[in-house]
Amino acid sequence: MNYLTHSDSSLSLFLSVSDMSAFGVDSSSIDYSNEHTRKMLRFYIELAKSETSFSEKRPILLECFPQKNGGCIVKITSSASDSTSTVYVASGDFSSLLLFANAISNKHRHIEFTIWRTESGLALSFSGAQENDLNSVCLICKEFCALHSYSKRAFSVFTEHADLLFTCDAAFLASYIIT
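Within every chain, residues take consecutive numbers counted from 1 along the sequence as written. In keeping with the predicted nature of the model, local features appear solely for residues at pLDDT of at least 70, side-chain atom pairs appear and are counted solely at 80 or more, and the whole-chain, interface and lining totals rest on all residues. Values reported for side chains reflect all heavy atoms of the structure, with hydrogen atoms and water molecules removed beforehand.

Participant: Let's hear about the layout of surface pockets: which residues, and what values?
Facilitator: With a 1 Å grid spanning the protein atoms alone, the term cavity applies to any set of points in which a 1.4 Å probe fits but cannot get out, the term pocket to an open set with protein on both sides within 12 Å along at least five of seven lines, and the term lining residue to any residue with an atom within 4 Å of a point. Grid points are joined across faces, edges and corners, and a volume is the space filled by probe spheres set on the points. Space inside the second largest pocket adds up to approximately 160 Å³. Contributing to the lining of the second largest pocket are Phe-14, Leu-15, Ser-16, Val-17, Gln-67, Asn-69, Gly-71, Cys-72, Ile-73, Asp-163 and Leu-164. A run of H or I in DSSP becomes a helix once it reaches four residues, and a run of E becomes a strand once it reaches two; helices and strands are each numbered from the N terminus. Put simply, the parts of the chain that give the lining of the second largest pocket at least two residues each are β2 (10-15), β4 (72-77) and β9 (163-169). Tallied by class, residues from the lining of the second largest pocket come to six nonpolar, four polar and one charged. The nonpolar class holds Ala, Val, Leu, Ile, Met, Phe, Trp, Tyr, Cys and Pro. Asp, Glu, Lys and Arg form the charged class, and all remaining residues, Gly among them, are polar.

Structure representation (structure tokens):
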């Protein structure tokens, strides 16, 4: 199991096939109403909490994204209010996506990016934009690449047909571009 903390209240778990099979769970049968799934998630959340600053407060939002390799990404947000109802996805070639990320990184360093490989190329999903920043971010995005918006439910379908490459915040992505 690998994990990435986005903030004290947001965490992503990257579970492999073997991580899940140890609890009798696979990506096609992951269901929170299943006792094995609950035990598995509780175990990995507690493990991540012991090694990070992640602080679980109720209620929590769990989002599971099965991967083509049989693994699963589980995003945990410890408060429903921390999560927006829309996920924005920019698509284009790699240099266009990096230019977009670099353009917003100075003013909007708190935005979280996830880079995906899709059948039609690369996509960059982003979240974490404050409501008052969202218009600015979307306008900047349209200068460099195509912008799509998805409901959380539609985005989960998107992730089933894409490979996650990496997740980072805008500050990290900008430093990666510069170096």
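Don't stop here, the text continues.
Participant: Tell me about empty space enclosed by the protein, and please be specific about residues and values.
Facilitator: Scanning the model with the defined rule gives one cavity of 30 Å³ or more in all. Estimated volume of the largest cavity: approximately 230 Å³. Of all the secondary structure elements, the ones that give two or more residues to the lining of the largest cavity are β2, β3 (61-66), β4, β6 (112-118), β7 (121-127), α5 (152-160) and β9. In terms of residues, the lining of the largest cavity owes the most to one element, β6, which gives four residues.

Participant: Describe helix α3 (residues 94-105), listing the residues and the values that go with them.
Facilitator: In a regular helix each residue adds 1.5 Å, so 12 residues correspond to 16 Å; α3 covers 16 Å between its end C-alpha atoms and thus fits that length. For every residue, the accessible area (1.4 Å probe, protein chains only) is compared with the maximum for its type, and the residue is labelled buried under 20%, exposed over 50%, or partly exposed between those bounds. Within α3, burial applies to Ser-96, Leu-97, Leu-98, Phe-100, Ala-101, Ile-104 and Ser-105. A helix is expected to span 1.5 Å for every residue after the first.

Participant: Which residues make up the sheet that holds β2, and what are the values?
Facilitator: In this analysis, strands are considered paired if DSSP registers two or more bridges between them. Strand order in the open sheet formed by four strands is β1-β2-β4-β3, and the pairing between neighbours is antiparallel. Strands with a single pairing partner mark the edges of an open sheet, and in this sheet they are β1 (2-7) and β3. When the angles between neighbouring strand axes are averaged without regard to direction, this sheet yields 15 degrees. In the sheet, β2 pairs with β4 via six bridges, with the strands oriented antiparallel. Paired with Ser-10 across the bridge in β4 is Thr-77. Contacting β1, β2, β3 and β4, helix α2 (residues 35-51) crosses the sheet at an angle of about 120 degrees to β2. A fitted line through C-alpha atoms serves as each axis, taken over the contacting stretch for helices, and the angle formed by two N-to-C directions is quoted from 0 to 180°. Any pair of residues with heavy atoms lying within 4.5 Å of one another is described as a contacting pair.

Participant: Any details on the packing of aromatic side chains? Residues and values, ideally.
Facilitator: The aromatic pairing rule takes the rings of Phe, Tyr and Trp, using the six-membered ring of Trp, and pairs them if the centres are within 6.5 Å, calling planes under 30 degrees apart stacked, those over 60 edge-to-face and the rest tilted. In the structure shown here, the tally under the stated rule is three aromatic pairs. Measuring from ring centre to ring centre gives 5.1 Å for Phe-43 and Tyr-44, while their planes differ by 75 degrees; the resulting arrangement is edge-to-face. Exposure remark for Phe-43: the relative accessible area of 43% places this residue in the partly exposed category. Members of the aromatic cluster, each reached through a chain of ring pairs, are Phe-23, Phe-43 and Tyr-44.

Participant: Give me the nonpolar core: which residues, what numbers.
Facilitator: Within the largest apolar cluster, 17 residues are counted, with the highest numbers of intra-cluster contacts made by Ala-90, Phe-100, Ile-104, Phe-113, Leu-124 and Phe-126. Where this core is concerned, the elements lending two or more residues are β5 (86-92), α3, β6, β7 and α4 (131-144). Among the elements that make up this core, the one with the highest residue count is α4 (five residues). Ignoring anything within four residues of it in the chain, the contact list for Ala-90 reads Leu-97, Phe-100, Leu-122, Ala-123, Leu-124, Cys-141, Cys-145 and Ala-146. Core analysis: the next-biggest nonpolar cluster, separate from the first, contains 15 residues, Leu-13, Met-40, Leu-41 and Ile-45 among them. The nonpolar core is taken to be a set of buried Ala, Val, Leu, Ile, Met, Phe, Trp, Tyr and Cys residues, with the residues joined through side-chain atoms within 4.5 Å.

Participant: Can you tell me about the pattern of salt bridges, naming the residues and giving the values?
Facilitator: Opposite charge on two side chains allows them to pair when their charged atoms are near. Here, a salt bridge means any side-chain nitrogen of Lys or Arg that lies within 4 Å of a carboxyl oxygen of Asp or Glu. Overall, the coordinates contain three salt bridges when judged by the stated rule. The residue Lys-39 makes a salt bridge to Glu-35 at a minimum N-O spacing of 3.2 Å. Residue Lys-39 and its partner Glu-35 are located together in helix α2, separated by four residues, close to a single helical turn. Take Glu-35: its relative accessible area is 44%, and that puts it in the partly exposed class. Between Arg-42 and Glu-46 there is a salt bridge; the shortest N-O distance is 2.9 Å. One end of the pair, Arg-42, and the other, Glu-46, are both in helix α2, four residues apart, so they sit about a helical turn from each other. Members of the salt-bridge network, linked through shared partners, are Arg-42, Glu-46 and Lys-49.

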